[in-house]
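Structure assessment
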Amino acid sequence: MEIIEILSTGVGLSIQDRGRSGWRRFGVPPGGSMDRSSAQAANQLLGNRPDAPVLEILMQGAKLRILEDTWVALAGADLGCEQAPWTACAVTAGTVLEFPINRSGLWAYLAVPGGFYADRWFGSASVDLRNGLGVPLQQGRRLTSVAGAPSLSLDRVGRRVLALDQQRDFSKPMQFELLPGPQFDLFTTEARDQLVSARWTVSARSDRTGFRLQGPELAVPESIRSEPVLPGSFQVPGNGQPIVTMGDGPTVGGYAKLAVLREADLDWLAQCRPGTKVSFKWADLF
Amino acid sequence: MVEKLKDFPCMNVRIRPYGERGYLLDALNDDARLLIERALALEPPTAYEESVPGADNLLLLFVRPPDLSALRAWLDRLEGGASKRKPRTHCLEVPVVYDGPDLKAVAQATGLSEAEVIAIHTAPEYRVRLMGFAPGFPYLDGLDPRLHLDRKTSPRDRIEPGAVAIGGSHAGIYSVASPGGWHLFGRTDLVLFQPEKAKGTPGDPRAIFALAPGDLLKFKQVEG
């Protein structure tokens, strides 16, 4: 049923799920929610499948009207909505959900019962505009949910809250864990040490394809022959400033890769706003 | 010993972990590459998800990665006998109008005439070594070394799909509108990627992409 009307898209609004697999060899990136664990949390609050399509809301400005009495779950960034993140609430037809300010994090996830009904490309509802998969959501567009009510039993309950230990506070300073990248050995000892000793700043020139980091200039080895690139990889181009590949980033590349983030940490890095200071440590493998 | 290596071409393949769910296979010769690709299609290791070819290597991704020793054992079991019967891949002819903006500069940089550059570009049979950069973009092996040039120092903001180009040791064809730093020779009306055919949960890549890794192609000059 038609459940939400977009009154304003704000900075950015798109339908996302866990992304696509099996098509990287043709150059199709995996895509998917920038913070998969928060998207999954929103679905979990309503008893949805973890990969059900959700609405991904970037920073502030989005405004949504609820068209039918239903349930809505929010997780991820705190964008100032009256409904707190990490909760699911019963909402009545006519309610307007506003996301006016960016309190913490970048991406908020809104789930509805059963997930959003959405077209799929390569088996995934994730929109990837750069690669022609899907169309942008416009003001006035009405979104449809798969189910009318959550599949959980919620009789006489008006609200569900995610367990505290599963909620994430994105305003907390983070130190992320790194695995050595495929070209770890090509980098100088100094460059490897600088990556974990320096504080890095998330650059404003970051997007769904890659997050750029600003810090000391790392010594860069020669370019390599093009080879597969996984999300979370620290590619170091000629200027010595690492680019962390994100889910919509290219599937192959020719820059040497110094390190790879753990997958769970990549979700958290995606929530770091431009200007955020981050630091890293090598995972304890040896 | 030599005989043994021939029968088990994967024995010398190097395995490196990449991320939490991947292994890169290096030191692949053509026999090993073909053998592994075939085995992945027919009898993949447990919890295998997908593979991505690189210029010199192959990435295997898993839902749950096996131990390195289990993957080593899987590779060592692959026998090379079948790879002697290599299927003859069809060679696609790609029509090109050679009116690209960098033809002149490439001729100057290489000391060749424009006609010679075109002749050298249309001569070889190319193989799609890998795809990437964008969906359907082929990195083609076989480019004449006289045309191996560094990428342009200032990339273009927008290149149209169908642009026929060279970069480094590869030839390629742009598949979606995108920025890019390769030297543009001309354009083809071959459609490399049809996103509308990717709707739903498609099964056949051939309906979506004009090319696949391993394919052969030749460029043919046509009038604009």
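Residues numbered from 1 in each chain as written. Chains lettered and ligands numbered in written order. Predicted model: local features only at pLDDT ≥ 70, side-chain atom pairs only at ≥ 80, totals over all residues.

With that settled, the discussion passes to the overall build of chain B. Helices and strands together make up the secondary structure of chain B, namely five helices and 13 strands. Across its three principal axes, chain B shows a C-alpha extent of roughly 55 × 45 × 35 Å. Burial statistics for chain B: of 224 residues in total, 35% are counted as buried. Considering only residue pairs separated by 6 or more positions, chain B has 58% of its internal contacts joining residues 24 or more positions apart. (Helix = DSSP H or I, 4+ residues; strand = E, 2+ residues; numbered from the N terminus. Buried ≥ 20, exposed ≤ 12 C-beta atoms within 10 Å, placed from the backbone. Contact = placed C-beta atoms within 7 Å.)

Looking only at helices and strands, chain A has three helices and 20 strands in total. Taken against the 2.2 N^0.38 rule, which gives 19 Å for 286 residues, the C-alpha radius of gyration of chain A at 20 Å falls within 12% of a compact globule. Within chain A, the fraction of its 286 residues that count as buried is 52%. Partitioning the contacts of chain A with sequence separation of at least 6, the portion at a separation of at least 24 is 74%. (Rg over C-alpha atoms; globule rule 2.2 N^0.38 Å.)

Our focus in this paragraph is the domain arrangement of chain A. Residues and elements named next belong to chain A. Looking at the assigned domains, one finds that chain A contains domain 1 (2-166) and domain 2 (175-282). On a C-alpha basis, the centres of domain 1 and domain 2 stand 28 Å from each other. Contributing elements (two or more residues each) for the side of domain 1 that touches domain 2: α1 (36-45), β5 (70-78) and β8 (104-111). Among the residues forming the side of domain 1 that touches domain 2, the class breakdown is six nonpolar, eight polar and five charged. (Domains from an automatic or database assignment. Nonpolar A, V, L, I, M, F, W, Y, C, P; charged D, E, K, R; others polar.)

To continue, consider α1 of chain A. Residues and elements named next belong to chain A. Burial analysis of α1 places 10 of its 10 residues in the buried class, which makes it a mostly covered element. Of the residues making up α1, those classed as buried are Arg36, Ser37, Ser38, Ala39, Gln40, Ala41, Ala42, Asn43, Gln44 and Leu45. Positive backbone phi, at 75 degrees, marks Gly47, one or two positions downstream of α1.

Moving on, we come to the domain arrangement of chain B. Here chain B is described as being made up of domain 1 (2-84) and domain 2 (91-221). Measuring from the centre of the C-alpha atoms in domain 1 of chain B to the corresponding centre in domain 2 of chain B gives 29 Å.

Attention now goes to the nonpolar core. With 130 residues, the main nonpolar core has Ala42, Ile57, Leu110, Ala111 and Leu269 of chain A as its most contacted residues. Ignoring sequence-local partners within four residues, the contact set of Ala42 of chain A consists of Val54, Ala73, Leu74, Ala75, Tyr109, Leu110 and Ala111 of chain A. (Core = buried A, V, L, I, M, F, W, Y, C linked by C-beta atoms within 7 Å.)

Hydrogen bonds between backbone atoms are what pair the strands of a sheet, whose relative direction is either parallel or antiparallel. All names here are of chain A. Taken in spatial order, the seven strands line up as β12-β19-β16-β17-β14-β13-β20 and close into a barrel, and their pairing is mixed. Across the sheet, the mean angle from the axis of one strand to that of its neighbour is 40 degrees, orientation sign disregarded. Sheet topology note: the strand β13 (residues 200-202)/strand β14 (residues 210-214) ladder contains two bridges and is antiparallel. In the strand pairing of β14, Thr201 is matched with Gln214. Its contacts with the sheet place helix α2 (residues 189-197) against β19 (257-261) and β20 (277-282), and it is angled at close to 125 degrees to β20. (Pairing = 2+ DSSP bridges. Axes fitted to C-alpha atoms, helices over the stretch in contact; angles between N-to-C directions.)

Let us look at the confidence of the model for chain B. Detailed reading of predicted coordinates is not advised where the pLDDT is low. Chain-level statistics for chain B give a pLDDT mean of 91 and a share of 94% at 70 or above. Across the interfaces of the predicted complex, the ipTM metric reaches 0.91, alongside a pTM of 0.91. (pLDDT = per-residue confidence, 0-100.)

Residue and element names in this part refer to chain A. Its identity as a non-glycine residue notwithstanding, Trp86 has a phi of 70 degrees, on the positive side. Here Trp86 is to be found in the loop between β5 and β6 (87-91). A residue is classified by how many C-beta atoms lie within 10 Å of it, and Trp86, with 21 of them, is buried.

Right, let's talk about the pairing of strand β6 (residues 126-131) of chain B for a bit. Residue and element names in this part refer to chain B. The buried fraction of β6 is high, at five of six residues. One ladder, built from two bridges, connects β6 with strand β13 (residues 216-221); its direction is antiparallel. Bridge pairing in β13 places Arg127 opposite Leu216. Relative to strand β7 (residues 138-141), β6 runs antiparallel, the two sharing four bridges. Bridging across to β7, Arg127 finds its partner in Asp141.

Turning our eyes to something else, we now look at the environment of Ser171 of chain A. Inspection of the secondary structure assignment puts Ser171 of chain A in the loop between β11 (159-161) and β12 (175-180). As for Ser171 of chain A and Asp78 of chain A, which are separated by 93 residues in sequence, their C-alpha atoms are 9.8 Å apart.

A word on the sheet that holds β8 of chain A. Residue and element names in this part refer to chain A. Ordered by their spatial adjacency, six strands build an open sheet running β2-β3-β8-β5-β6-β11, and the pairing between neighbours is antiparallel. Looking at the sheet topology across the chains shown, the edges are occupied by β2 (12-16) and β11. Taken pair by pair, the neighbouring strands of this sheet meet at an average axis angle of 20 degrees, ignoring direction. Inspection of the sheet shows β5 paired to β6 by five bridges, in the antiparallel sense.

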